[in-house]
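What follows is the residue order along each chain.
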Amino acid sequence: MLNQIKGLHHVTSMASDARRNNEFFTRKLGLRRVKKTVNFDAPDVYHLYYADEFGTPGSVMTYFPFPDIGKGRHGVGEVGTTVFSVPEGTLAYWEKRFADEGVSGVARDESFGEKRLTFTGPDGDSFALVEDKADTRAPWVKGGVPGDEAIRGFHSVALRLKDGGATEELLKFMGYEEIDKSGNVRRLAIQNGNGADIVDIESLPTAGFANLGAGSVHHVAFAVEDRARQLEVRKALVDTGYGVTPVIDRDYFWAIYFRTPGGVLFEVSTNEPGFDRDEDTAHLGEALKLPTQHQHLRPYLEQHLQKLED
């Protein structure tokens, strides 16, 4: 069993409109945009990062907004719900805020004894807020949400799978332990993690497969401290039979990718070097930052990429 993984690093999803996506996360959810860059493989498409003040691993929601992309179809083989942590007693605040902001799909429920508020993003993305009194992570406090109510980071992700058994074994190999179960959902957690410590596996043997599109999670990334630990994880996965990519430089972290037995794309990302490598903390996410290989496209991109704000 591995011990290098320290919880979630980031979750990356697809969107259909960059401006609407930016407004949802920075205004409605009160997160900080910590990076405005482009997709390495499609530089005419933004890669937008939203998080806490520093872009701390375990708080980072990222998006590829492909203009006019088709809507995703939810089903098995994907991350079903991305769950954020908020302080105890704050769901009433968020319920009113969402009503005032016109957020759709808002409903109260409970999961594993925790009070939740479910809601949908602008492309039908499935989200929830969970009250977690044990979460001591510092929030971003300049996004219009008071610090006493603000999002702390990720609480968990929920995987929807036709058969969760093999993916559960994979997560246990990655250092997770089963801590609870409820009906067809098994809850796994990493011990001594970064706060974003939980993965739920929902088994739905008769459900149809998901189809990637706007509102779909593209991949979920797990955090390791540095490149040395990442290489240890990569070797262990390869030795176990997984087809893992070489290490890829993503400017703000190094990444490896592999497909899970249930169909979900996993990434393992380093906490280094971080989002302040090319702009200071006070101005994160303000300027358009481009990977070195795309710098020559700057005049074109600055002219043609959608304006995120007036």
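Here is a short report on the structure shown in this document. All figures in this text were calculated on a predicted structure; none of them were measured in a lab.

### Things to note about the environment of Ala 287
And then number 1: Mapped onto the secondary structure, Ala 287 falls in the loop between strand S16 (265-273) and helix H5 (298-304).
And then number 2: It is 38 Å that separates the C-alpha atoms of Ala 287 and Val 238, two residues lying 49 residues apart in sequence.

### Some thoughts on the environment of Leu 91
And then number 1: By the element assignment, Leu 91 lies in helix H2 (residues 91-101).
And then number 2: Under the relative-accessibility criterion, Leu 91 is labelled buried at 0%.
And then number 3: Excluding residues that lie within four positions of it along the chain, Leu 91 makes contacts with Val 86, Arg 108, Lys 115, Arg 116, Leu 117, Leu 129 and Glu 131.

### Some thoughts on the sheet that holds strand S14 (residues 248-249)
And then number 1: Overall, mixed pairing links the eight strands, which are arranged S2-S3-S4-S1-S13-S16-S15-S14 in an open sheet. Every interior strand has two partners, whereas the edge strands, strand S2 (32-38) and S14, have only one.
And then number 2: Direction of pairing for strand S1 (residues 8-15) relative to strand S13 (residues 217-224): antiparallel, over a ladder of five bridges. Note on S13: the bridge partner recorded for Ser 13 is Val 217.
And then number 3: Strands S1, S2, strand S3 (46-51) and strand S4 (60-65) of the sheet are contacted by helix H1 (residues 18-28), whose axis makes an angle of about 5° with S3.

### Focus: the packing of aromatic side chains
And then number 1: Under the defined criterion, the tally for this structure stands at 19 aromatic pairs.
And then number 2: Ring geometry for Phe 25 and Tyr 50: centres 4.9 Å apart, planes at 15°, overall stacked. Here Tyr 50 lies in strand S3 and Phe 25 lies in helix H1, a separation of 25 residues in the sequence.
And then number 3: Phe 25 sits in the buried class, given a relative accessible area of 0%.
And then number 4: We classify Tyr 50 as buried; its relative accessible area is 0%.
And then number 5: Look at Tyr 252 and Phe 275: their rings are 5.4 Å apart centre to centre, the planes differ by 20°, and that puts the pair in the stacked class. One end of the pair, Tyr 252, is in the loop between S14 and strand S15 (253-259); the other, Phe 275, is in the loop between S16 and H5, and 23 residues separate them in sequence. Take Tyr 252 and Phe 275: they sit in the same class, and that class is buried.
And then number 6: One aromatic cluster in this structure is built from Phe 24, Phe 25, Tyr 50, Tyr 63, Phe 84, Tyr 93, Trp 94, Phe 98, Phe 119, Phe 127 and Phe 154.
And then number 7: One residue, Lys 162, lies across the ring of Phe 209, its end atom 5.1 Å from the ring centre.
And then number 8: Over the face of the ring belonging to Phe 40 we find Arg 250, whose NZ or CZ atom lies 5.0 Å from the ring centre.

### Some points on helix H3 (residues 165-173)
The α-helix winds at 3.6 residues per turn, so residues separated by three or four positions along the chain end up facing the same way.
And then number 1: Taken together, the buried positions of H3 are Thr 167, Glu 168, Leu 170 and Leu 171. One face of H3 carries all of its buried residues, which in axial projection span an arc of 160°.

### Some remarks on the sheet that holds strand S8 (residues 126-131)
And then number 1: In spatial order, the strands read S6-S7-S8-S5-S9-S12-S11-S10; together these eight strands make up an open sheet with mixed pairing. Strands with a single pairing partner mark the edges of an open sheet, and in this sheet they are strand S6 (104-111) and strand S10 (176-182). Neighbouring strand axes in the sheet, compared pairwise and without regard to direction, differ in orientation by 25° on average.
And then number 2: For strand S7 (residues 114-120) and S8, the ladder comprises five bridges, and the chain directions are antiparallel. Looking at the pairing, Phe 119 lines up with Phe 127 of S8.
And then number 3: Packing against the sheet, H2 makes contact with strand S5 (78-86), S6, S7 and S8, and its axis sits at approximately 15° to S7.

Cut-offs used in this document
Residues numbered from 1 in each chain as written. Predicted model: local features only at pLDDT ≥ 70, side-chain atom pairs only at ≥ 80, totals over all residues. Heavy atoms only, no water. Helix = DSSP H or I, 4+ residues; strand = E, 2+ residues; numbered from the N terminus. Buried < 20%, exposed > 50% of the residue type's maximum accessible area, 1.4 Å probe, protein only. Contact = heavy atoms within 4.5 Å. Pairing = 2+ DSSP bridges. Axes fitted to C-alpha atoms, helices over the stretch in contact; angles between N-to-C directions. Phe/Tyr/Trp six-rings, centres within 6.5 Å; stacked < 30°, edge-to-face > 60°. Lys NZ or Arg CZ within 6 Å of the ring centre and 35° of its normal. Arc of directions from axis to C-beta.

Keep in mind these values describe shape, not function.
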